[in-house]
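Residue-level structural notes
For reference, the chains in residue letters:
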Amino acid sequence: MKTRFILAILALSATRLIAQDPVPEADSLRKDALNVYMETSDYVRRAIPYINYVRDIKDASVYIISNTQQTGAGGREYTYFLVGQHEFTGMNDTLSFSTAPDETMDGRRQKEIATLKMGLMRYVAKTPLSQYIDINFTQPMSETVTTDKWKSWVFEPSVSAFMMGQAAYKRRFAFGEFSANRVTEDWKINLGLEYNYTTENYHVDDDIITSNTTSKSVNALVVRSINDHWSYGGILSAGTSTFNNFDLSLELMPGIEYDVFPYSESTRRQLRFLYSAGYSYSDYTDTTIYDMTKEHLWQQSLMVAYEVVQKWGNIDVNAGYSNYLHDWSKNNLNFGGFIRLRVAKGLSIRLSGDYSIIHDQLGLVKGGVSAEDVLLQIKELETQYSFNVSFGFSYTFGSIYNNVVNPRFSRRRGGMMIMF
């Protein structure tokens, strides 16, 4: 009897063991994980551990391109383009989230993680790891939508100041700004006030050389949408600047813009043409090189901007031309942009810069500037051009996987992480 009881217990235990699903090992799960290419942080790798982060786009079943642009509220909109390839060819998605101007880093990262998790689920669902995914909706939802009492208006005052120095040099800087913005599908309104003040003192032997620069400005941009390709609007600005020799400068520039691609695709691609023409008034602090103390002028400008974000990289280039209508030789032509390309597996190049041909410096002070003005950059200097260029490349090789995060022996300096 005792033998039968023991055999029954053993048989029941064996049945239970057979009925239980085997617990997979971590290594066996990892080989079945979705291969994803994206440029991301260690935080994301830790928060989304159930995919393989590969180093080259060709090894990925899904690649993710990200882009960001400023919102009307002064925050940022982050957009992610998820593109399937190999077994997921044709499965593409676009997701985005927005942050407030005062959003903390942790708040932004939490939104980033939630957005990426939602976007990746349709791909993870087709892998063996889908059986271990649990999706929950954690927030109660009202059937009604509250009305925005601010009518999409966002206001932001900002003040900053700093002082630095040593025995032979001191610098003080103050900046104040107030902005009021309203952005809807039909309207874009940006209003702003700015004040800048900088003073510098240099002790040279027994002499003290002082530099003071001040600027104040009021700006308004109003744009009305016509459709998904056309819009019109204008800029009104007024200000003073010791650097630019203005006691008062006024400018009114209405314009019209056409985007070859729909504005709704602006985070992925743009090709915009903006033409503006209008009036400007200048009341100069000192007599100019053209013997003018006041001037009423008419001017025009044309700007072309192209931006595209693709798996091979991104391009953001622009060109602009402007001139005064009373004398077309008084003109300005500029080119600028940023290009980043993935040339080959692991190899990326970056190129950025701008170049301007300048023939429209009507406010230059008559009689030139002193050596102190040149060295301290108190006054605008005559020039026929300006430029800046930067170039860089990076190359990585080795394992295609980039999953592991190891922060040991890391040091923080100036708010940035430096790894050894």
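Data block above holds the structure.
So, here is what we can say about the structure in this document. (Residues numbered from 1 in each chain as written. Predicted model: local features only at pLDDT ≥ 70, side-chain atom pairs only at ≥ 80, totals over all residues. Heavy atoms only, no water.)

1. Some thoughts on the packing of aromatic side chains
Threshold: Planes of paired rings set the category: under 30 degrees apart is stacked, over 60 is edge-to-face and the rest tilted, where pairs are Phe, Tyr or Trp rings (Trp by its six-membered ring) whose centres lie within 6.5 Å. Runs of H or I in DSSP of at least four residues are treated as helices and runs of E of at least two as strands, each being numbered from the N terminus. Think of it in three bands: residues with accessible area under 20% of the maximum for their type are buried, residues over 50% are exposed, and the middle band is partly exposed, with areas taken using a 1.4 Å probe on protein chains only.
One pass over the full model with this rule turns up 12 aromatic pairs. Plain terms: the ring middles of Tyr78 and Phe97 are 5.0 Å apart, the flat faces sit at 15° to each other, and that makes the pair stacked. Of this pair, Tyr78 sits in strand S4 (residues 76-84) while Phe97 sits in strand S5 (residues 92-99); the two residues are 19 residues apart in sequence, bridging distant segments of the chain. With relative accessibility at 18%, the residue Tyr78 sits in the buried group.

2. Overview of the side chain of Arg272
The line we're drawing: Nitrogen and oxygen atoms within 3.5 Å of one another constitute a polar contact, given that in protein one can donate a hydrogen and the other can accept it, and given that sequence-neighbouring residues count only through two side-chain atoms. Contacts: residue pairs with any heavy atoms within 4.5 Å of one another.
Of note, Arg272 is situated in strand S12 (residues 269-284). At 2.7 Å, the side chain of Arg272 forms a polar contact with the side chain of Gln270. Those residues in contact with Arg272 that sit more than four places away from it in its chain are Glu257, Tyr258, Asp259, Tyr263, Met303, Val304 and Ala305.

3. A look at unusual backbone geometry
The phi dihedral of His86 falls on the positive side, at around 60°, and the residue is not glycine. With respect to the helices and strands, the residue His86 is situated in the loop between S4 and S5. Look at Asn245: it is not a glycine, yet its phi comes out positive at around 70°. Here Asn245 is to be found in the loop between strand S10 (230-241) and strand S11 (246-259).

4. Details of the pattern of salt bridges
Any two side chains of opposite charge can pair if their charged atoms end up close together. Quick reminder of the rule: One speaks of a salt bridge when a side-chain nitrogen belonging to Lys or Arg is within 4 Å of a carboxyl oxygen belonging to Asp or Glu.
Tallied over the full model, the rule gives 10 salt bridges. The partner of Asp327 in a salt bridge is Lys330, with the nearest N and O atoms 2.8 Å apart. Judged by its relative accessible area of 24%, Asp327 falls in the partly exposed class. With relative accessibility at 14%, the residue Lys330 sits in the buried group.

5. Observations concerning the environment of Ser211
By secondary structure assignment, the location of Ser211 is in strand S9 (residues 207-225). The exposure class assigned to Ser211 is buried, which follows from its relative accessible area of 2%. Measuring from C-alpha to C-alpha, the distance between Ser211 and Arg171 comes to 9.3 Å, with 40 residues separating the pair along the chain.

6. Some words on the nonpolar core
Convention followed: What is meant by a nonpolar core is a set of buried Ala, Val, Leu, Ile, Met, Phe, Trp, Tyr and Cys residues, joined one to another through side-chain atoms within 4.5 Å.
In terms of nonpolar packing, the biggest core is built from 25 residues, with Leu34, Ile48, Ile51, Ile64 and Leu120 touching the most fellow members. Per-element accounting of this core gives the leading share, 6 residues, to helix H4 (residues 105-124). Residues in contact with Leu120, not counting those within four places in the same chain, are Leu34, Val36, Ile48, Ile51, Ile64 and Leu82. Residues Tyr37, Ile57, Tyr63 and Phe81 belong to the second largest nonpolar core, which totals 9 residues.

7. Re the sheet that holds strand S3 (residues 62-70)
Condition: When DSSP finds at least two bridges between two strands, those strands are taken to pair. Only the stretch in contact is used when a helix axis is fitted, and all axes are lines through C-alpha atoms; the angle between N-to-C directions ranges over 0 to 180 degrees.
One open sheet holds the 5 strands; their spatial order is S2-S1-S3-S4-S5, and the pairing between them is mixed. Each having just a single partner strand, strand S2 (51-53) and S5 make up the two edges of the open sheet. Adjacent strand axes in the sheet meet at a mean angle of 25° when their direction is disregarded. With 9 bridges connecting them, S3 and S4 associate as antiparallel partners. Pairing of Val62 across the sheet is with Gly84, part of S4. Packing against the sheet, H4 makes contact with strand S1 (34-37), S2, S3, S4 and S5, and its axis sits at approximately 165° to S5.

8. With respect to the environment of Ile315
Following the sequence through the fold, Ile315 ends up in strand S14 (residues 313-324). Residue Ile315 is classed as buried on the basis of its relative accessible area, which comes to 19%. Note: C-alpha distance between Ile315 and Arg269 (46 residues apart in sequence) is 9.3 Å. Those residues in contact with Ile315 that sit more than four places away from it in its chain are Tyr306, Glu307, Val308, Phe338 and Ile339.

9. Brief notes about H4
Put simply, the test is: In a helix, the anticipated span is given by 1.5 Å times the number of residues less one. Two axes enter the bend calculation: one fitted to the seven residues ending at the residue in question, the other to the seven starting there, and the bend is the angle between them.
Taking 1.5 Å of rise per residue, the 20 residues of H4 would be expected to cover 28 Å, and the 27 Å separating its terminal C-alpha atoms lies within 8% of that figure. In H4, a bend of some 25° at Met118 exceeds every other bend along the element. Among all positions of H4, only Gly107, Glu112, Ile113, Thr115, Leu116, Gly119, Leu120, Met121, Tyr123 and Val124 are buried. Here the buried face of H4 lies against S1, helix H3 (42-47), S2, S3, S4 and S5.

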